[in-house]
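# Examination of the molecular architecture
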2 protein chains.
Amino acid sequence: MAMTSKATWIWYPGDYEIWLGNKMNNRRTERGAFFPPFWKTDSHYVTVEFSTVVELAEEEEITIAAEGIFNIKLDGKLQFGMPATFLLPAGRHNLNIKVWNQMTPPALFVEGKTIKSSSAWRVTFEDLEWIDESGKASDTSATVYQAAGCWNFGREERPSAYKLCREALPAVACSAQQEGKLYDFGRETFGYLVLEGAKGNGEVKIFYGESPEEAMDKAFCETLDRIAVNEAGFTDLATGAVVAASERYVLDNSKAFRYVYVECEGVTLEGVSMEYEYAPVSYRGSFRSNDEELNRIWEIGAYTMHLTTREFFIDGIKRDRWVWSGDAVQSYLMNYYLFFDSECVKRTTWLLRGKDPVTAHTNTIMDYTFYWFIGIYDYYMYTGDRLFVEQIYPRMQTMMAFVEGRANERGMVEGQTGDWVFVDWADGYLDKKGELAIEQVLLCKSLETMALCAELVGNEADRAKYAERAATLRALLLPTFWNETKQALVHNCVEGKQSEAVTRYANMFATFFGYLSPAQQQQIKHSVLLNDEVLKITTPYMRFYELEALCVLGEQEAVMGEMKDYWGGMLREGATSFWEKYNPSESGTQHLAMYGRPYGKSLCHAWGASPIYLLGRYYLGVKPTKPGYAEFEIRPTLGGLEWMEGTIPTPDGEIRVKMNSEQIEVEATAGCGWLYLATGQTPSASVGTFESVGEGEYRLRIEAGKAVTICY
Amino acid sequence: MAMTSKATWIWYPGDYEIWLGNKMNNRRTERGAFFPPFWKTDSHYVTVEFSTVVELAEEEEITIAAEGIFNIKLDGKLQFGMPATFLLPAGRHNLNIKVWNQMTPPALFVEGKTIKSSSAWRVTFEDLEWIDESGKASDTSATVYQAAGCWNFGREERPSAYKLCREALPAVACSAQQEGKLYDFGRETFGYLVLEGAKGNGEVKIFYGESPEEAMDKAFCETLDRIAVNEAGFTDLATGAVVAASERYVLDNSKAFRYVYVECEGVTLEGVSMEYEYAPVSYRGSFRSNDEELNRIWEIGAYTMHLTTREFFIDGIKRDRWVWSGDAVQSYLMNYYLFFDSECVKRTTWLLRGKDPVTAHTNTIMDYTFYWFIGIYDYYMYTGDRLFVEQIYPRMQTMMAFVEGRANERGMVEGQTGDWVFVDWADGYLDKKGELAIEQVLLCKSLETMALCAELVGNEADRAKYAERAATLRALLLPTFWNETKQALVHNCVEGKQSEAVTRYANMFATFFGYLSPAQQQQIKHSVLLNDEVLKITTPYMRFYELEALCVLGEQEAVMGEMKDYWGGMLREGATSFWEKYNPSESGTQHLAMYGRPYGKSLCHAWGASPIYLLGRYYLGVKPTKPGYAEFEIRPTLGGLEWMEGTIPTPDGEIRVKMNSEQIEVEATAGCGWLYLATGQTPSASVGTFESVGEGEYRLRIEAGKAVTICY
């Protein structure tokens, strides 16, 4: 067995993620009330056994740290107590350490000269069969097995103590308003409010706003705090938490805001500041162009992503601060072009899945279950992390079993009691009855994902089963939903009858999933995607896929116009992060309202940041064609820009692209791939030679470490 | 909705029990090593919503206490913070309180003038459907629903702080031995050792023994402790727990022992005492007779039961101190004739079942799964507690689904990978291959139990399904296992072929389950039960059923002899509690060994106490014939005694029986029933008149509160 060079804390895969996710999801408050999710909250296995087999040339002392009560078995024999160090004799040995912890996930850190806890250790919750044996042919040639979970925590970084980073930030402006003061922190932000020099005997009332209107609206702002102050100290009146008096009181729960309105009763306050909380991610991706507005869109998108990339990818930072699958799968894609934080993708995927038994769809939403599947294969393609697929595959099986257990006799899914068929927040009415075309398209892609992942983990029976089911469903899609008159997929089918409605959803997914013929793709481009008669999309969420479909169809120039209109529109409305929903036809405080509440809308929502993804994948034009960017493809397209340049992170390096109307510079620091250009005539390259691939398109081999300049 | 008169802490049914059970099961140590169970350890749902509907004539203030972070919704509207009191306006209202707690089970206590938290509240873990709706016809006339779990904790009795009672006890003798001192506590006991006046700088080594041999055998005693002592205080060297110096150091973990051998290095010790730990149960049942040895057997049995009746019914107090289904189902039956502690039966049943998904048999043992089912119907018959059946029924369904998923094409169970087919600890070889007769007999009874419980909860589809499966299996039993030549059920069938072996197990269960014809019963009495050629049973565990079968066949006199031989034999060996295993042919320290370890045997094992049950049910002769002793039957049998008298507890009272060779006195304080006597001629009664039921048997109606004296 290969030993990794560095020991790390290990746990049952998914357990730490689910536990940490509970902490995060449960930080939501609504006007001072604790507001946990309304779906099943899972938790960790409380007793877990870790094991490894060691082959020691000489005796070796290990140090052992555990989160929990533990025991040690050497070659099956229990050892006394819970020692901090333990001496293993030379030779081949089975080392088993069993940890029990009700409060936080059982976790283990072991380090010796050669023995180091890592994902090379095995783990069981006493489900009686070592989980590497489940669903895996015993004769697979590669030694792959279900492995311990980890996240590269060093010895002193106890998993249960994990916290994001903080940085003290002042307000940039303060003005007297009504009975109190309004503080402006300059842009959308997130963290812990700090009361400076609070003295007296009374109460501080704090009203948060993403807008000044919200902060000043004491009756309707979405979040607030009430802090009682006296000589002894501070009491959070919502939670009852008490903190001794000091010059600086940092509130216990984080909030999203740009503005804070503070009223004091019987208390004097020197000022208000904050501790900004953030994930320590690197901005590995970049984008610049001649268009400053577009650059600003990219930057605000990146900041929006940074605010919503936390312990997990959350939807928005004000409300609900939860992990939602439909939102997350977009964050993953943006992340691959910005932070390339693989750990956050894995954590989010584990949390969304939770534990068996499956009692409902992911987040209770049918479509979100399908995005969960799709995100796993995306992850594998971008990262090449096969171990993760192996770890999560058993939960993919049980999730798909839940889905198939609710399918109708045609293998299609329809909303049942307890299912939320979401699709999108739409201003027009969306019929949710019967077989929705988009749900079947997403299910089909999910079944294809199951087949691909089954193959990856070496489960041939599953591969064949899911491939057959995917093929059967796919063969039904067009006969069921394609309407020749409308030249489009209709929205749904009820009791075997096509509805009259055409919506964009199924049409755009079918486009970039490649479920339509080239002719049909061109038809729906005009009959649906570029047709203003069809119900418009007003969430950046579904605009993400709409614009992606148009990019796949080569409409980068049209999409550029849309991006500048739509995201530029938010900027012109003063956005410092992108919103949950934006309808250009609204104005003023209409932009703040949603869910029937005047400030219900989130003004910092991850799904608002899609230009990050579109610019990286469809303008700089980079995507992996083999897992983990072992091979990639670059199809740069200016889409109306004069020039652009940018960096795409990959697992082991980056790909840099710079382009103007005459010249392209490309360099990849790892992997190899092809640069494609549709120019009509052979371009020239400083390294290598273009070859024709037909229809006026040419390609050039790109090798790692060799910068190439192309003239075209 | 009926309100109970007293508020109690409530939780998700089974969750507190599983959490508390983990604490208990995980107190096992083996020579200073933490030793948790080797099966899946479940835990509580971390987020739970409690709800009730109130109808208030006037506004009402409630006080709220929760274990966990909580929120309150009144008629769907979230309220600020986590208040200790809350005012509800008059009228009809929905009150929902949601609690999150990772560490201990979310629990709630609410009390107002009319509003009181109780099992009348509903609870969900957000499995999306209120659990009262699952598997239940909506038109059931009785308002029965899945209800909150509780255990009558008052406001100040926080569930997570629950502890058994303690009482300081001195050693009764102390003698210098080897390098240290041997303390004798006079009889088998359980609790926390106390070091009195320990001073110095060094270590105290403590070796526990149920026998003096074990305590003095430092290398092989089953449990031990090492305590480091210095000026600052005490350090438990196994756990690292530190306690400041004091005159009296109470060890942190309880142990089972009669003897303690203590060696001090660098430490002086004034003495050793203990804190006896016990469950606060009442001895509601009693038994006395002219036979003092038999009386002593009953008393030692009762003490054995008291030692093993703790937060749960455990197997033995030294090792493993775990909850095992096969052991527990016998404890339940003994309990009905001694403490009638219904709460402990429920707690034990919840813990044994754990949570979904089912990944293995109960305690990993196939037969133990079946005892789990059987124990539930027993519980219902003795207590009449239908609510519990309703609460546990969904887990009965998933447990039976697991069993049926592993059955062969004939609907019979055979051991598969991961299954432990136990049956009994037998000195002779027991074949575990193929279809074991006893396993099918137990499965058949389990299926019958499912049908009965399905009917109780109003699930007609399940009732019909399980009744049909039980009938199918039962029809196969005799054709498969009955051997006319041997006049017995054979032990097993492998690949359709009866084995040559006959064992007692299936024959005795089939007898008291009524699966044999009267003629077959008489045949196996001689061909098996009273046949010394058939492999003898050497555990009190299976002797329980063997003697029960003989009692059912009217062999009370023979059984009396067996009891006095077998349990009297243990007494003559000096037992102060009954053992895990007793083979009269062994002698001396042979009696201490088991599992290949010199002191592996438990000398205080619940299944050793079966005379408690046999004397109550088959000599005093009392059993319920309608749930909860609404109706009962008394069939007193002296079985060779000159006289006997005793009390049988019932849910709402007790039944007293006193009998000698001429006269019987009977009184029931609640319920009504029949006294049966087979005398050949009509007995006379002080109240009422005997009626003949044929074959020389007569019966007399017994009414609550009316003492009756019978002459026969």
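Residues numbered from 1 in each chain as written. Chains lettered and ligands numbered in written order. Predicted model: local features only at pLDDT ≥ 70, side-chain atom pairs only at ≥ 80, totals over all residues. Heavy atoms only, no water.

All right, on to the overall build of chain A then. Counting secondary structure elements, chain A contains 14 helices and 38 strands. In terms of overall dimensions, chain A is globule-like: its C-alpha atoms have a radius of gyration of 27 Å, near the 27 Å expected for 712 residues. Overall, chain A is about 75 × 70 × 60 Å in size when its C-alpha atoms are taken along their principal axes. Of the accessible surface of chain A, which amounts to about 25500 Å², a share of 49% is contributed by carbon and sulfur atoms. (Helix = DSSP H or I, 4+ residues; strand = E, 2+ residues; numbered from the N terminus. Rg over C-alpha atoms; globule rule 2.2 N^0.38 Å. Areas by Shrake-Rupley, 256 points an atom, 1.4 Å probe, with all protein chains shown as cover.)

A few words now on the packing of aromatic side chains. Any two aromatic rings considered together are summarised by their centre-to-centre distance and by the angle between their planes. Residue and element names in this part refer to chain A. Under the criterion given, the structure shown has 124 aromatic pairs over all chains. Between the aromatic rings of Tyr-377 and Tyr-380, the centroid separation amounts to 6.0 Å while the plane-to-plane angle is 50 degrees, which identifies the pairing as tilted. Of this pair, Tyr-377 and Tyr-380 are both found in helix H6 (residues 366–383), three residues apart, which corresponds to roughly one turn of the helix. Residue placement shows Arg-699 over the ring face of Trp-674; its charged tip is 3.5 Å from the ring centre. (Phe/Tyr/Trp six-rings, centres within 6.5 Å; stacked < 30°, edge-to-face > 60°. Lys NZ or Arg CZ within 6 Å of the ring centre and 35° of its normal.)

Next up on the list: the sheet that holds strand S23 (residues 286–289) of chain B. Residues and elements named next belong to chain B. Spatially, S23-S31-S32-S33-S38-S35 is the arrangement adopted by the six strands of the open sheet, whose pairing is antiparallel. The open sheet has two free edges, formed respectively by S23 and strand S35 (684–685), since each of these has just one partner strand. Across five bridges, the pairing between strand S32 (residues 653–660) and strand S33 (residues 663–668) is antiparallel. Its bridge partner being in S33, Val-657 is matched across the sheet by Val-666. (Pairing = 2+ DSSP bridges.)

This paragraph deals with the pattern of salt bridges. Any two side chains of opposite charge can pair, so long as their charged atoms come close to each other. Within the structure shown, the criterion is met by 115 salt bridges over all chains. A salt bridge links Arg-319 of chain A to Glu-580 of chain A; the shortest N-O distance between them is 3.0 Å. Taken together, the residues span a long stretch of sequence, with Arg-319 of chain A in the loop between helix H3 (292–308) and helix H4 (325–336) and Glu-580 of chain A in the loop between helix H13 (556–572) and helix H14 (611–619) at a distance of 261 residues. Comparing Arg-319 of chain A with Glu-580 of chain A, the two get one shared label, buried. Glu-448 of chain B serves as the salt-bridge partner of Arg-474 of chain B, at 3.7 Å between the closest nitrogen and oxygen. Of the two residues, Arg-474 of chain B sits in helix H9 (residues 460–481) while Glu-448 of chain B sits in helix H8 (residues 437–456), which places them 26 residues apart along the sequence. With a relative accessible area of 37%, Arg-474 of chain B lands in the partly exposed category. In the salt-bridge network here, residues are joined through shared partners; they are Arg-28, Glu-30, Arg-319, Asp-320 and Glu-580 of chain A. (Salt bridge = Lys/Arg side-chain N within 4 Å of Asp/Glu carboxyl O. Buried < 20%, exposed > 50% of the residue type's maximum accessible area, 1.4 Å probe, protein only.)

Reports often express the size of an interface as the amount of accessible area lost when the parts come together. At the junction of the two partners, chain A supplies 48 residues and chain B supplies 48 residues. Of the roughly 3900 Å² buried between chain A and chain B on both sides combined, carbon and sulfur atoms contribute 66%. Between chain A and chain B we count zero salt bridges in total. Inspection of the chain A/chain B interface yields 16 residue pairs in polar contact (both at pLDDT 80 or more). Elements that contribute at least two residues to the side of chain A that touches chain B include exactly helix H1 (15–25), strand S3 (33–34), strand S6 (69–74), strand S9 (91–100) and strand S17 (224–229) of chain A. Here the side of chain A that touches chain B is composed, by residue class, of 23 nonpolar, 15 polar and 10 charged. (Contact = heavy atoms within 4.5 Å. Buried area = accessible area lost by both parts, 1.4 Å probe. Polar contact = N/O pair within 3.5 Å; in protein donor to acceptor, adjacent residues only side chain to side chain. Nonpolar A, V, L, I, M, F, W, Y, C, P; charged D, E, K, R; others polar.)

Residues and elements named next belong to chain B. Summarising the element assignment, Thr-576 is placed in the loop between helix H13 (556–572) and helix H14 (611–619). Since its relative accessible area comes to 16%, Thr-576 is described here as buried. From its side chain, Thr-576 meets the backbone nitrogen of Glu-188 in a polar contact 2.9 Å long. In this structure, Thr-576 is in contact with Gly-186, Arg-187, Glu-188, Arg-258, Ile-300 and Tyr-303, ignoring residues within four places of it in sequence.

To continue, consider the sheet that holds strand S27 (residues 492–494) of chain B. Two modes of strand pairing occur in sheets, parallel and antiparallel, and in both the strands are linked by backbone hydrogen bonds. All names here are of chain B. Taken in spatial order, the three strands line up as S24-S27-S28 in an open sheet, and their pairing is antiparallel. Taken across any chain shown, the strands that pair with only one partner, and hence form the sheet edges, are strand S24 (435–436) and strand S28 (497–498). With two bridges joining them, S24 and S27 adopt antiparallel strand pairing. Note on S27: the bridge partner recorded for Glu-435 is Cys-493.

As for its position among the elements, Glu-500 of chain A is in the loop between strand S28 (497–498) and helix H10 (504–512). Side-chain polar atoms of Glu-500 of chain A contact the side chain of Lys-486 of chain A, separated by 3.1 Å.

Right, let's get into unusual backbone geometry. With an omega of 15 degrees, the peptide bond between Arg-319 of chain A and Asp-320 of chain A qualifies as cis. Along the chain, Asp-320 of chain A falls in the loop between H3 and H4. A positive phi angle, near 50 degrees, is found at Gln-487 of chain A, a position not held by glycine. Mapped onto the secondary structure, Gln-487 of chain A falls in the loop between strand S25 (482–483) and strand S26 (488–489). Its identity is not glycine, yet Asn-363 of chain B carries a phi of approximately 55 degrees, on the positive side. Inspection of the secondary structure assignment puts Asn-363 of chain B in the loop between helix H5 (342–353) and helix H6 (366–383). You can call Asn-363 of chain B buried: its relative accessible area is 5%.

For the pair chain A and chain B, the relating rotation is 180 degrees, the translation along its axis is 0.0 Å, and the fit reaches an RMSD of 0.0 Å. Interpreted geometrically, this transformation is the action of a two-fold axis. Of the C-alpha atoms belonging to chain A, the one lying closest to the rotation axis is found on Met-103 of chain A, 2.1 Å away. A share of 100% of the interface residues of chain A reappears at the interface of chain B, consistent with the copies meeting face to face through the same patch. (Least-squares fit on C-alpha atoms with pLDDT ≥ 70 in both.)

Before going further, it helps to spend a moment on the environment of Gly-233 of chain A. All names here are of chain A. One can find Gly-233 in strand S18 (residues 233–236). The sequence separation of Gly-233 and Ala-244 amounts to 11 residues, and the corresponding C-alpha distance is 4.3 Å. Other than its neighbours up to four places away in sequence, Gly-233 contacts Ala-228, Val-243, Ala-244 and Ala-245.

Residue and element names in this part refer to chain B. Closest axis-to-axis distance for the helix H3 (residues 292–308)/H13 pair is 10 Å, and the angle between their directions is 65 degrees. What the angle tells us is that H3 and H13 run roughly perpendicular. Relative to H13, the crossing made by H3 is left-handed. Contacts between H3 and H13 pair Glu-293, Leu-294, Arg-296, Ile-297 and Ile-300 from the former with Met-560, Met-563, Lys-564, Trp-567, Gly-568, Leu-571 and Arg-572 from the latter. For the contact of H3 with H13, the class distribution of residues is seven nonpolar, one polar and four charged. (Axes fitted to C-alpha atoms, helices over the stretch in contact; angles between N-to-C directions. Parallel < 35°, antiparallel > 145°, perpendicular 65-115°, else oblique. Left-handed = near helix turned anticlockwise from the far one by under 90°.)

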